[in-house]
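Read off the chains here:
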Amino acid sequence: MTTATQSLLKPLKRIERGLDAILQPVVFAAMAALIGVITLQIVSRVLFSAVGWTEEVSRFLLVWITFLAGTLAFQRGRHIAVTFAVDALPVRVRQAARIAATLAVLAFLVALVVIGYRYMQVQSFQKSASLRLSMTYVYAVIPLTAALMSWYALVDLLELLVDGERVEDSAP
């Protein structure tokens, strides 16, 4: 990697690490909250009368955790992928295939940002049953995480275009 390439990708990778540093504790805190809410739900059902809002909160937390953790997995390249066919291709064809795949993923994610935002707006009138929380906050995870994954895909695309391969960052 040349010095010019490093200077281009370095700030982008720094932003990725910053987003990762925010997402990891958020997912961890949400998991801890989910454990606490479900524990409260179980204890209240066994010892007292059930606390009504716990089911709803646990459902919303699980949705947010799923999307946010999926974003972290996407950033780390941990989603399921079958790469043996692409890996068997000649270098130039393999690079073109990876660029095409990244472009397709990026197009899908940008469409998901738009569609998720529209869906969030359409559902804005709806309130949750127990908490009376606007469902906008629940559905906001779709465009938010799609935008984050779009950023990660864009950085991956730039790495592919500049270096020919996705650069795995050694920093955690």
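Residues numbered from 1 in each chain as written. Predicted model: local features only at pLDDT ≥ 70, side-chain atom pairs only at ≥ 80, totals over all residues. Heavy atoms only, no water.

Helix and strand counts for the protein stand at 6 helices and 0 strands. The C-alpha radius of gyration computed for the protein amounts to 20 Å, which surpasses the reference 16 Å derived for 172 residues by more than 25%, pointing to a less compact arrangement than a globule. Expressed along its principal axes, the backbone C-alpha trace of the protein runs to roughly 65 × 35 × 30 Å. A buried classification covers 33% of the 172 residues belonging to the protein. (Helix = DSSP H or I, 4+ residues; strand = E, 2+ residues; numbered from the N terminus. Rg over C-alpha atoms; globule rule 2.2 N^0.38 Å. Buried < 20%, exposed > 50% of the residue type's maximum accessible area, 1.4 Å probe, protein only.)

Turning our attention to the environment of Gln-6. Along the chain, Gln-6 turns up in helix 1 (residues 3-47). Note on Gln-6: relative accessible area 40%, which makes it partly exposed. Expressed as a C-alpha distance, the spacing of Gln-6 and Ile-115, which sit 109 residues apart in the sequence, is 35 Å.

So, on to the packing of aromatic side chains. This structure, assessed with the given rule, holds 1 aromatic pair. Each ring, one from Tyr-119 and one from Tyr-139, has its centre 4.9 Å from the other, and the planes form 85 degrees; the classification is edge-to-face. Residue Tyr-119 is located in helix 4 (residues 91-122), and its partner Tyr-139 is located in helix 5 (residues 135-139); the two are separated by 20 residues in the primary sequence. Exposure remark for Tyr-119: the relative accessible area of 37% places this residue in the partly exposed category. (Phe/Tyr/Trp six-rings, centres within 6.5 Å; stacked < 30°, edge-to-face > 60°.)

With that out of the way, let us pick up a nonpolar patch on the surface. A cluster of nonpolar residues, Ile-38, Ile-42, Val-43, Val-46, Leu-47 and Phe-48, forms a patch on the protein surface that exposes about 600 Å² of accessible area. In this fold, Leu-47 is placed in helix 1. Of the residues examined, Leu-47 reaches a relative accessible area of 58% and is grouped as exposed. (Patch = residues over 30% accessible without salt bridge, like charges linked within 9 Å, V, L, I, M, F, W, Y side chains within 5 Å. Areas by Shrake-Rupley, 256 points an atom, 1.4 Å probe, with all protein chains shown as cover. Salt bridge = Lys/Arg side-chain N within 4 Å of Asp/Glu carboxyl O.)

What follows deals with unusual backbone geometry. The backbone of Arg-132 sits at a positive phi, close to 60 degrees, despite the residue not being glycine. Assignment of secondary structure puts Arg-132 in the loop between helix 4 and helix 5.

Here we take up the nonpolar core. In terms of nonpolar packing, the biggest core is built from 20 residues, with Leu-23, Val-27, Leu-61, Ile-65, Phe-74, Leu-109 and Ala-153 touching the most fellow members. Once residues within four sequence positions are removed from consideration, Val-27 is found in contact with Ile-65, Leu-68, Ala-69 and Leu-72. Counting 7 residues, the second-largest nonpolar core is a separate cluster that includes Phe-60, Val-138, Val-141 and Ile-142. (Core = buried A, V, L, I, M, F, W, Y, C linked by side-chain atoms within 4.5 Å. Contact = heavy atoms within 4.5 Å.)

Below, the discussion takes up the confidence of the model for the protein. Averaged over every residue, the pLDDT of the protein is 90; residues scoring 70 or more account for 92%. Confidence, expressed as mean pLDDT per element, reaches its minimum in the protein at helix 3 (residues 84-87) with 88 and its maximum at helix 2 (residues 53-75) with 96. Here residues 167-172 is modelled with pLDDT under 50, and outside its nearest four sequence neighbours on either side it reaches 7 contacts, counting other chains as well. (pLDDT = per-residue confidence, 0-100.)

Helix packing geometry: the angle between the two helix axes and the distance between the axes. Orientation of helix 4 relative to helix 6 (residues 141-163), taken along the N-to-C sense of each, is 160 degrees, at an axis distance of 8 Å. By the criterion of interaxial angle, the relationship of helix 4 to helix 6 is roughly antiparallel. Between helix 4 and helix 6 lies a crossing whose hand is left-handed. When the residues that make up the contact of helix 4 with helix 6 are grouped by side-chain class, the tally is 20 nonpolar, 4 polar and 2 charged. (Axes fitted to C-alpha atoms, helices over the stretch in contact; angles between N-to-C directions. Parallel < 35°, antiparallel > 145°, perpendicular 65-115°, else oblique. Left-handed = near helix turned anticlockwise from the far one by under 90°. Nonpolar A, V, L, I, M, F, W, Y, C, P; charged D, E, K, R; others polar.)

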